[in-house]
Amino acid sequence: MPLHITAVQAMEILDSRSRPTLSVSVGLADGNTARAGVPSGASTGSGEALELRDHDASRYGGAGVRTAVGHVNGEIAAALCGRDFAGLSALDQALIDLDGTPDKSRLGANAIVGVSMAAARAAAGQAGVPLWQGLATDGATARLPVPHFNVLNGGAHAPNPLDFQEFMIAPLGAPGIAEAVRAGSEVYAALRRRLAEAGHTTGLGDEGGFAPDLAEPEEALRVIVQAITDAGYEPGTGGVAIALDPAASEFRQPDGTYRVNGQVLTTSDMITRYRQIVDEFPVWSIEDGLGEDDDTGWAELTGALGERVQLVGDDNFVTNPAIITRAVQDGIANAALIKLNQIGTVTETLHALEVCRKAGYGAMVSHRSGETDDTFIADLAVASGCGRIKSGAPARGERVAKYNRLMEIGHRHPDLPYGLGR
């Protein structure tokens, strides 16, 4: 459906970490106006599209985004307003061309993705359909995804000695999205009780998971398994499974080794450790198990565990369709994490999802550690039919908003299937 842009505006707001980000609104000639809140990451891949910050030490410690806001309100608005676009892909291409850099560093990926998201939402409004239907693409079958709740935080997301960044629970065996969210909430509550009884803090990390003073990943896994059982669920793929995001690039050393709780591990040591973890615990998915530059190791990890668990590339894939295509050819991983602001436009994100679907790779739509109340990714996950989403713990408003949106979609469209889909 053609889009005639009449207004593009942005302002500086705060994300969930009290850091500045953008709120962007786009107006269309039919009167539809839509807003988007731009997410921001803490653990980032080196190949991500560039998030533009002001670096003015007198404001927000240099993290302000007034320059990006100015680009939206100035150059981007001037280029888009009054123009007709054949659809979202044409608008996104115009943004890419206007920026003119391979990493969107001139105008800022945070400026560009905000405009793209708001335009996609406005286009759905113009068509009179919910966002997830507006994002539908040929070949994709809409599906309510399995939520992956980050219940225990470490790494860059928490001030504790735990090097692995995210420990998630995934209600793979739930019959539907409402029951999946209930399982996440009940296990989360059981985990809080377990940690409190053991004398651990129940303070929260950036994504709403608990941040206890644990050091070994296996310690964290044991207490999560206990919490799953305490809540009355079966640990494993028939009930509530566990997913890991070690974010290994964060603890990879300059000499190519990995440091986990003071231990120096080679790539082979890491693969052996993951194999032992999968043998002992109901872990079904491992994201960023090795560093983004450890291609040889990733191929070895995929050969060792790719038939048993989902292996998700994030820092090494950065939602880039070309990179994911090469990874498929090279036998690296078997799934990709999908983050809108990593690549910078909705159209490129949908392309990355299409590459995964056609290659038989899994795809998990993801939030960032710095979030807003925007629920765009919930609709994106449903539209793509990828069957997987992670948006943090079943706590904190900016995280729960996405899960509540999924339940709303499920309530309004009870015919939609739930689950991984393959």
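Everything that follows concerns the structure shown earlier in this document.
Computed from a predicted model, the values in this text were never measured in an experiment.

Draft legend 1. Main features of the overall build of the protein chain. Each helix and strand counted, the protein chain has 13 helices and 14 strands in total. Here the C-alpha radius of gyration of the protein chain, 21 Å, is about what a compact globule of 422 residues would show, namely 22 Å. In terms of overall dimensions, the protein chain has a C-alpha envelope of 60 × 50 × 45 Å along the principal axes. Across the 422 residues in the protein chain, those meeting the buried criterion constitute 60%.

Draft legend 2. View of the pairing of strand β13 (residues 362-366). The buried count for β13 comes to five of five residues, which makes it a mostly enclosed element. Where burial is concerned, the two faces of β13 agree: the one with Gly362, Met364 and Ser366 and the one with Ala363 and Val365 are both buried. Where strand β12 (residues 335-338) and β13 come together, four bridges link them in parallel fashion. Counterpart to leucine 337 in the pairing with β13 is methionine 364. Relative to strand β14 (residues 388-392), β13 is paired through two bridges, and the arrangement is parallel. In the sheet register, serine 366 faces β14, and the bridge partner there is lysine 390.

Draft legend 3. The arrangement of the packing of aromatic side chains in detail. Applying the stated criterion across every chain yields a total of six aromatic pairs. Both rings, one in phenylalanine 164 and one in phenylalanine 167, keep their centres 6.3 Å apart while their planes meet at 25°; by these two values the pair is stacked. Overall, phenylalanine 164 belongs to the buried group, its relative accessible area being 1%. On the accessibility criterion, phenylalanine 167 (0% relative accessible area) is buried. Ring geometry for tyrosine 188 versus phenylalanine 210: centroids 4.5 Å apart, planes at 20°, classification stacked. Of this pair, tyrosine 188 sits in helix α5 (residues 177-197) while phenylalanine 210 sits in the loop between α5 and α6 (217-230); the two residues are 22 residues apart in sequence, bridging distant segments of the chain. Every member of this aromatic cluster is reached through a ring pair, and the members are Phe164, Phe167, Phe251, Tyr258 and Tyr274.

Draft legend 4. Spatial organisation of the sheet that holds strand β1 (residues 3-14). The strand order across the open sheet built from four strands is β3-β2-β1-β4, with neighbouring strands paired in antiparallel fashion. In this open sheet, the two strands that pair with only one neighbour each are β3 (33-37) and β4 (84-85). Pairing of β1 with β4 involves two bridges; the strand directions are antiparallel. Paired with leucine 3 across the two strands is phenylalanine 85, which belongs to β4. Sitting on the sheet, helix α3 (residues 109-127) touches β1, β2 (20-28) and β3, and the angle it makes with β2 is about 35°.

Draft legend 5. The nonpolar core, seen in detail. Leu22 and Ile224 are the most contacted members of the largest nonpolar core, which totals 130 residues. Setting aside anything within four residues of it in sequence, one finds isoleucine 224 in contact with Val151, Leu152, Phe167, Ile169, Leu191 and Ile242.

Draft legend 6. Geometry of the sheet that holds strand β10 (residues 283-287). Sheet architecture is closed into a barrel: eight strands sit in the order β5-β6-β7-β10-β11-β12-β13-β14, paired in mixed fashion. Pairwise comparison of adjacent strand axes, ignoring direction, gives a mean angle of 30° for this sheet. Running at roughly 165° to β14, helix α12 (residues 376-384) makes contact with β13 and β14 of the sheet.

Draft legend 7. Expanded view of unusual backbone geometry. Residue asparagine 261 is not a glycine yet carries a positive backbone phi of 50°. With respect to the element layout, asparagine 261 can be found in the loop between β8 (258-260) and β9 (263-265). The backbone of arginine 396 shows a phi angle near 75°, a positive value even though the residue is not glycine. Mapped onto the secondary structure, arginine 396 falls in the loop between β14 and α13 (397-412).

Draft legend 8. Here's a closer look at the packing of α5 against α13. Where α5 contacts α13, the two axes come as close as 9 Å, and the packing angle between them is 155°. Considering their axes alone, α5 and α13 lie roughly antiparallel with respect to each other. Seen along the crossing, α5 lies across α13 with a hand that is left-handed. From α5, Ile177, Ala178 and Val181 reach across to α13, where they touch Tyr403, Leu406, Met407 and Gly410. When grouped by side-chain class, the residues that make up the contact of α5 with α13 number six nonpolar, one polar and no charged.

Draft legend 9. Just the side chain of threonine 345, in detail. Its place among the elements puts threonine 345 in the loop between α10 (340-343) and α11 (346-359). For threonine 345, the contacting residues outside a window of four places in its chain are Asp92, Ile96, Lys104, Ile112, Val113, Ser116 and Leu340.

Draft legend 10. Structural context of the packing of α12 against α13. Between α12 and α13, whose axes approach to 8 Å, the crossing angle comes to 45°. Viewed along their axes, α12 and α13 adopt a mutual orientation that is oblique. Pair α12 / α13 crosses with right-handed handedness. Across the interface between the two elements, Ile377, Ala378, Asp379 and Val382 from α12 touch Lys402, Arg405, Leu406 and Ile409 from α13. Here the contact of α12 with α13 is built from residues that sort into five nonpolar, no polar and three charged.

Here is what the cut-offs are and how they apply
- Residues numbered from 1 in each chain as written.
- Predicted model: local features only at pLDDT ≥ 70, side-chain atom pairs only at ≥ 80, totals over all residues.
- Heavy atoms only, no water.
- Helix = DSSP H or I, 4+ residues; strand = E, 2+ residues; numbered from the N terminus.
- Rg over C-alpha atoms; globule rule 2.2 N^0.38 Å.
- Buried < 20%, exposed > 50% of the residue type's maximum accessible area, 1.4 Å probe, protein only.
- Pairing = 2+ DSSP bridges.
- Phe/Tyr/Trp six-rings, centres within 6.5 Å; stacked < 30°, edge-to-face > 60°.
- Contact = heavy atoms within 4.5 Å.
- Axes fitted to C-alpha atoms, helices over the stretch in contact; angles between N-to-C directions.
- Core = buried A, V, L, I, M, F, W, Y, C linked by side-chain atoms within 4.5 Å.
- Parallel < 35°, antiparallel > 145°, perpendicular 65-115°, else oblique.
- Left-handed = near helix turned anticlockwise from the far one by under 90°.
- Nonpolar A, V, L, I, M, F, W, Y, C, P; charged D, E, K, R; others polar.

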